[in-house]
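Okay, here's what each chain looks like letter by letter:
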Amino acid sequence: MFSSLMMINNMQNTNVDPREIELYIHIPFCVKKCDYCDFLSGPYDEQIQKEYTMSLCQEIIWQSRRVFGRVTSVYIGGGTPSWLPVKLMEKIMDTLRAHFDLDPLAEVTIEANPGTVTGEAANIYRSIGINRISLGLQSAHDDELKLLGRIHTYDRFLRTYEILRQAGFENVNVDLMTGLPGQTPGKLIESIRRVSALRPEHISCYALIIEEGTPFYSRYRADDIRQKNGQPTMELPNEDQAYELMKRAQQEIISHGYEQYEISNYAKQGKVCRHNIGYWTRKTYVGMGIGAASLIAPECLVPKPEGEETGGMGLEYRISNTRYIYDYIDDASHLMAIDPQADAADVPIYDSVQRITRKGAMEEFMFLGLRQIRGVSREDFYQAFGKEIDSVYHNALEELKQEGLLEAREGRIYLTEQGLDLSNYALSKFLL
Amino acid sequence: MAVDRSHIRNFCIVAHIDHGKSTLADRMIEMTNTLTEREMQAQVLDNMDLERERGITIKSQAVRLIYTAKDGQEYILNLIDTPGHVDFNYEVSRSLAACDGAILIVDAAQGIEAQTLANVYLALDHDLEVLPVINKVDLPSADPERVATEIEDVIGLVAEDAPRISAKTGLNVDEVLEQVITRLPAPTGDENAPLQALIFDSLYDAYKGVIVFCRIKEGRIRPGDKVKMMATGASFDVVEVGYFGAGQFLPCDELSAGMVGYMTASIKNVRDTRVGDTITQVANPCAQPLPGYKKVNPMVYCGLYPADGAKYPDLRDALEKLQLNDAALQFEPETSVALGFGFRCGFLGLLHLDVIQERLEREYDLDLVTTAPGVVYRVHKTDGTMIELTNPSNLPDPSEIEYMEEPMVDAEIMVTSDYIGAIMDLCQERRGEYVSLEYIEEGRALVKYILPLNEIIYDFFDALKSRSRGYASFDYEIRGYQQSKLVKLDILINKETVDALSFIVFEGTAYERARKMCEKLKDNIPRHLFEVPIQAAVGSKIIARETVRAMRKDVLAKCYGGDISRKRKLLEKQKEGKKRMRQVGNVEIPQEAFMSVLKLDDDK
């Protein structure tokens, strides 16, 4: 599959145009938290949903005065954004469109859970400019869905998928998971076959991770440790099985005409998720809502911070918003009184603000960029930092090459298949 | 300041551990008003944090008391406190050399114990007058008359009018002070003779340099004198002389024959003042140095390495400073392929090792990697020569070895009767030879075994504690050497011998030990990109094997909503972990792996 690496040339250049930005909107509501989920979300009543939406709109307006650039993608994530009353979603999109410079060709994604989208809602989503849907399916087997604590069945998914297609959505992603307790290769392959038969444009396939603080953590923690240590497991697949599931899924998805462009992401030609690529190439993005993360290049701030060199990478702000919904609602109500040019440290909804150093930017460039199958480009590195990549990372590159985890060809540097399997190990070598 | 020598008494207190030395010293300090009550803190002489925490005396401490006796005269009492544990016997010996007499404390309930005898013989070796005192008479189980008879029968000291005291309550302590005057001799010596002073201890002070503790045998010493250390040949100008208050130094004009005190001379190099050396005047030297001390031989050895290789010089400095007043601590540089530069250190016993290690970590802020402790083996070679082996790496080829001997100990374990079975099992497992079982009192028994020292230096204490639920106490004394079938066990990681993990083991337990070592290492060595075999070998024969399987999958989680902070943390953790690894061949071994093999008996 790696011989096909260079054929992905219909993607945009990774050279980041500083005038292009991305937006992320966090909707922290869901019907019920899934048993493995550690994202910031929970079931809240409609009153809170309304108040939150109002606050979110205030933040959108305020951020539009602070961060400048043409918006090339919007990602509405959660939680289950499709569970938010459609009226409120309309309000969010209207506000966004009214205040940001949204590119007519922008990719606008919303995450949806099967069973939470009606035909009417789907039509409204289309009408307010949403053009991509990401469906959290996870498995095509009802027993596995139940185990995960999902609220839907496979049948509900099929109906939702049909509704979306009928409403005219031409860019749909389906999420799948490997490494579930009791999952056999046969069952996994069947999930993939069922899904790929529907021909979604994009498939994300993640290995289950047992996150602290989730019901799965108390249930499978011991097993998780056994898996990591290569010992026999009780319910989770053992290490070899987990590895096999991951590899079988990869082969199977590719065999259905998808191209792997990142560790966990597969797309039909031209249908890569541009928003995600923005994260891996360090494009400026503004995250809005609770817990949302932003990366903001100084070039996108007006006025630019004084006396600083611009161009290239480094000196960006990495920001995360407060994680507490009531704090957020409270703080957002004072936001309009804050000068949009205020120092980031004085913005009440910000929970942490960090200025990236040149070194930090190099590290990120590598460990984010190398998640992509096509890796990073020597030229891009030079453009960003004014230095040859080898002058910074000679040792790491040589070591990884020797270990067979990395290759360099035609101006690009990328992880091999084994390198991607061991990405944690490989990427840690790029910390300076 | 001319002090009449007949009004000086230099003495120490010797006893079995826990018979109440430090408490008696405290009472005497209190009763002579050396400290006001406000300054008094329980066990004044134990001034090291570690000593207070563990309730043991490690270092000798000296204090000068002014006592007005019943004859109405003032006397100067120089009290030198000594440690009781057998590991610190050498400290006792050093203190004794500075004294003319000794108070022997015997517990009124327990009577004479192993170290009571050992200490008395040490005192008699130094020609000291011994004054017996029976302590803890306030205990319900006290039987002072029986103990008095025991002292007369076993030691041969007259104990008829030995004070029956309670150091805790202060009962009859005044009688002890009085008998120190009447029964212990005053020092002898001529203050006009050439200076002859014995260094019995020293410590390093950041402002004053080395502070030398000495006993003036002949002559006198004053600030401004030019003095010479007879063994090292180094000479210095005396800056200050003085004597010991409780917990402080009190300068004075001169020290003369018979006195105990200290001197400073801007001595920067700790190696110039050797404990046991003799100080004399450059201008008017004495003819001969004092006899000094019997050299003490370490019984237990292990490698100490700084966790951070760059701290090697710090470790050396720290060891030098500790050695300054701990002559029994020995060390010499060694290198390990796995651990880099470090020291092979010799200790008198386990407690000593433990204390030194803890002092290095606490007082000198060093993070240490320790290799498995070993004992001194005697290797008799076929050519008729014998070597004392302290480092397993130096074991000659088996074809050159005629036979080997290992040190044995007489072990005494005091245990409540519920756990006698468990304790005897443990001793049996450790190749113990049963000697006797005595019931001391209702529910308490004394179990005696002969045990190989190398069986108790790993995790014997821990095993003892866990099997008796903390109800056993343990003491031992070196008994001598015994021929034994010993082999060297090597650990190979990815086919390379890791020198720091080699050790000598009894042939019969080699398999068991090898298996446990391999299991432990397997749990503590992270997975690599390739399979890492862990093997234990005796000679060229592999006797145990485990495998750390190759790492196949190590993928980062979803990068959610552009929040990369967790991802970065994960990568940083991975990188941080690598930094603390030791490289052997192409395998990285974490420090914890080296430490994990020191405790093989736990929670399995």
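The numbers attached to residues start from 1 for each chain and follow its sequence in the written order. Chains and ligands are labelled sequentially in the order written, the chains with letters from A and the ligands with numbers from 1. Per-residue local features are limited, in this predicted model, to residues with pLDDT of at least 70; the limit for side-chain atom pairs, both in listing and counting, is 80 or more; totals at the level of whole chains, interfaces and linings are taken over all residues.

Elements are defined by DSSP. Helices are runs of H or I of four residues or more, strands are runs of E of two residues or more, and each kind is numbered from the N terminus. Along the backbone of chain B there are 14 helices and 33 strands. Each residue is classified by how many other C-beta atoms fall within 10 Å of its C-beta atom, where C-beta atoms are placed from the backbone; a count of 20 or more means buried, 12 or fewer means exposed, and values in between mean partly exposed. Here chain B holds 604 residues, and the buried ones make up 44% of them. By definition, residues are in contact whenever their C-beta atoms, placed on the basis of the backbone, come within 7 Å of each other. Within chain B, contacts between residues separated by at least 24 positions form 70% of all contacts whose residues are at least 6 apart in sequence.

For chain A, the count of helices and strands is 15 helices and 15 strands. Relative to its full complement of 432 residues, chain A shows a buried share of 48%. Residue pairs at least 24 apart in sequence account for 73% of intrachain contacts in chain A once pairs closer than 6 positions are excluded.

We now examine the packing of helix α6 (residues 185–197) of chain A against helix α8 (residues 239–255) of chain A. Residue and element names in this part refer to chain A. Axes here refer to lines fitted to C-alpha atoms; in helices the fit is confined to the stretch in contact. Angles between the N-to-C directions go from 0 to 180 degrees. Between α6 and α8, the least distance of the axes is 10 Å, while the angle of their chain directions is 25°. Compared by their axis directions, α6 and α8 come out roughly parallel. Like other packed secondary-structure pairs, α6 and α8 cross with a definite hand, here right-handed. Of α8, the residues touching α6 (which contributes Pro 185, Leu 188, Ile 189, Ile 192 and Ser 196) are Glu 244, Leu 245, Arg 248, Ala 249, Glu 252 and Ile 253. By residue class, the composition of the contact of α6 with α8 is 7 nonpolar, 1 polar and 3 charged. Should an angle fall under 35 degrees it is taken as roughly parallel, and over 145 as roughly antiparallel, whereas 65 to 115 is taken as roughly perpendicular and any remaining angle as oblique. Left-handed is the label given to a crossing in which the near helix is rotated counterclockwise from the far helix by less than a right angle, and right-handed is the label when the rotation is clockwise. Three classes are used, and their members are as follows: Ala, Val, Leu, Ile, Met, Phe, Trp, Tyr, Cys and Pro are nonpolar, Asp, Glu, Lys and Arg are charged, and the others, Gly among them, are polar.

Once that is clear, we can look at the sheet that holds strand β6 (residues 196–205) of chain B. Residues and elements named next belong to chain B. Judged by pairing direction, the sheet is antiparallel, and its 8 strands sit side by side in the order β10-β9-β15-β6-β7-β14-β11-β12 without closing on themselves. Looking at the sheet topology across the chains shown, the edges are occupied by β10 (235–237) and β12 (248–252). Each strand axis lies, on average, 40° off the axis of its neighbour in the sheet, ignoring direction. Any two strands with at least two DSSP bridges between them are considered paired. Bridge count between β6 and strand β7 (residues 209–218): 9 bridges; the pairing is antiparallel. In the sheet register, Leu 198 faces β7, and the bridge partner there is Arg 215.

All right, on to the pairing of β7(B) then. Residue and element names in this part refer to chain B. Burial analysis of β7 places 9 of its 10 residues in the buried class, the great majority of the element. Adjacent in sequence and paired antiparallel, β6 and β7 are bridged by 3 residues. Where β7 lies against strand β14 (residues 260–264), 5 bridges are found, and the strand directions are antiparallel. Among the inter-strand pairings, Phe 213 is bridged to a residue of β14, identified as Tyr 262.

Residues and elements named next belong to chain B. Across the 11 residues of helix α1 (residues 21–31), 8 count as buried, placing the element largely inside the fold. Listed as buried for α1 are Lys 21, Ser 22, Leu 24, Ala 25, Asp 26, Arg 27, Met 28 and Ile 29. Backbone geometry just downstream of α1 places Asn 33 in the positive-phi region, at approximately 55°.

Here we take up the interface of chain B and chain A. In this complex, chain B contributes 21 residues to the contact, which on the side of chain A involves 32 residues. Classifying every residue of the side of chain B that touches chain A gives 10 nonpolar, 3 polar and 8 charged.

This part takes up the nonpolar core. Nonpolar cores are built from buried Ala, Val, Leu, Ile, Met, Phe, Trp, Tyr and Cys residues. These are joined into a set through C-beta atoms within 7 Å. Judged by nonpolar contacts, the single largest core of 159 residues is most densely connected at Ala102(B), Leu104(B) and Cys214(B). Once residues lying within four places of it in the same chain are set aside, the contact partners of Ala102(B) are Phe11(B), Cys12(B), Val14(B), Leu96(B), Ala123(B), Leu128(B), Val130(B) and Leu131(B). Core analysis: the next-biggest nonpolar cluster, separate from the first, contains 125 residues, Cys57(A), Met246(A), Val272(A) and Tyr393(A) among them.

What follows covers the pairing of strand β30 (residues 532–538) of chain B. All names here are of chain B. Where strand β27 (residues 486–493) and β30 come together, 5 bridges link them in antiparallel fashion. Residue pairing for β30: Asp 490 is matched across the bridge by Ala 537. In this sheet, strand β31 (residues 541–548) lies alongside β30 in antiparallel orientation, the contact comprising 7 bridges. Pairing of Ile 534 across the sheet is with Glu 546, part of β31.

Moving on, we get to the environment of Met288(A). All names here are of chain A. With respect to the element layout, Met 288 can be found in strand β9 (residues 284–288). Here the alpha-carbon distance between Met 288 and His 26, two residues 262 residues apart in the chain, equals 6.2 Å. Setting aside anything within four residues of it in sequence, one finds Met 288 in contact with Leu 23, Tyr 24, Ile 25, His 26, Leu 56, Glu 59, Ile 60 and Gln 63.

The next point concerns the packing of helix α1 (residues 46–66) of chain A against helix α2 (residues 86–99) of chain A. Residues and elements named next belong to chain A. One way to put it is that α1 packs onto α2 with a least axis distance of 9 Å and a crossing angle of 10°. In terms of axis orientation, α1 runs roughly parallel to α2. Taken together, the residues of α2 that come into contact with α1 (itself represented by Gln 49, Lys 50, Thr 53, Leu 56, Cys 57, Ile 60, Ile 61 and Ser 64) are Leu 88, Lys 91, Ile 92, Thr 95, Leu 96 and His 99. In terms of residue class, the contact of α1 with α2 is built from 7 nonpolar, 5 polar and 2 charged.

Moving on, we come to the sheet that holds strand β13 (residues 376–377) of chain A. All names here are of chain A. Across the sheet, 3 strands lie side by side as β13-β15-β14; this open sheet has antiparallel pairing. Each edge of the sheet is formed by a strand with only one pairing partner; in this case those strands are β13 and β14 (406–409). With 2 bridges connecting them, β13 and strand β15 (residues 412–415) associate as antiparallel partners. Bridge pairing in β15 places Ser 377 opposite Arg 412. On the sheet, helix α13 (residues 389–402) packs against β14 and β15 and is oriented at approximately 130° with respect to β14.

Here the residue pair Gly78(A) and Gly79(A) is connected by a cis peptide bond, since its omega of 15° sits within 30 degrees of zero. By secondary structure assignment, the location of Gly79(A) is in the loop between β2 (70–78) and α2. Phi is positive for Glu410(A), which is not a glycine, with a value near 50°. In this structure, Asn172(B) takes a positive phi of about 65° despite not being glycine. Counting through the fold element by element, Asn172(B) comes out in the loop between α5 (144–155) and α6 (173–183).

Take the environment of Ala249(A) next. All names here are of chain A. Positionally, Ala 249 belongs in helix α8. C-alpha of Ala 249 to C-alpha of Thr 178: the two residues are 71 residues apart in sequence and 7.6 Å apart in space. Once residues within four sequence positions are removed from consideration, Ala 249 is found in contact with Thr 178, Leu 188, Ile 192 and Cys 205.

Here we take up the confidence of the model for chain A. In low-pLDDT segments, the atomic positions of the prediction should not be examined closely. Looking at chain A as a whole, the pLDDT averages 90, with 94% of positions reaching at least 70. On a scale of 0 to 100, pLDDT captures the predictor's confidence in every residue. For the stretch residues 1–14 of chain A, pLDDT sits under 50, and the model shows 15 contacts to residues farther than four places along the chain or on other chains.

For the rest of this paragraph, the subject is α6(A). Residue and element names in this part refer to chain A. With 13 residues, α6 should cover 18 Å at 1.5 Å per step; its first-to-last C-alpha distance of 18 Å lies within 8% of that length. Taken together, the buried positions of α6 are occupied by Leu 188, Ser 191, Ile 192 and Val 195. Down the axis of α6, the buried side of the element spans an arc of 90°, and every buried residue falls inside it. With respect to the buried face of α6, the exposed residues turned more than 90 degrees away are Gly 186 and Ala 197. Residues of α6 that are buried sit in contact with β4 (132–138), β5 (172–178), β6 (202–207) and α8. Trailing α6 by a residue or two, Arg 199 shows a phi angle of about 60°, which is positive. Given a helix with a known number of residues, its expected span is that number minus one, times 1.5 Å. Along the arc lie the directions from the helix axis toward the C-beta atoms.

Residues and elements named next belong to chain B. Confidence in the prediction of chain B, expressed as mean pLDDT, is 83, and 89% of residues score 70 or more. Overall, residues 36–45 carries pLDDT values under 50, and its contacts beyond four positions in sequence, including any with other chains, amount to 17 contacts. Predicted confidence is poor over residues 54–60, with pLDDT under 50, and the contacts of this stretch with residues over four places away or in other chains come to 28 contacts. Taken over the whole predicted complex, pTM reads 0.65, whereas the ipTM for its chain interfaces reads 0.81.

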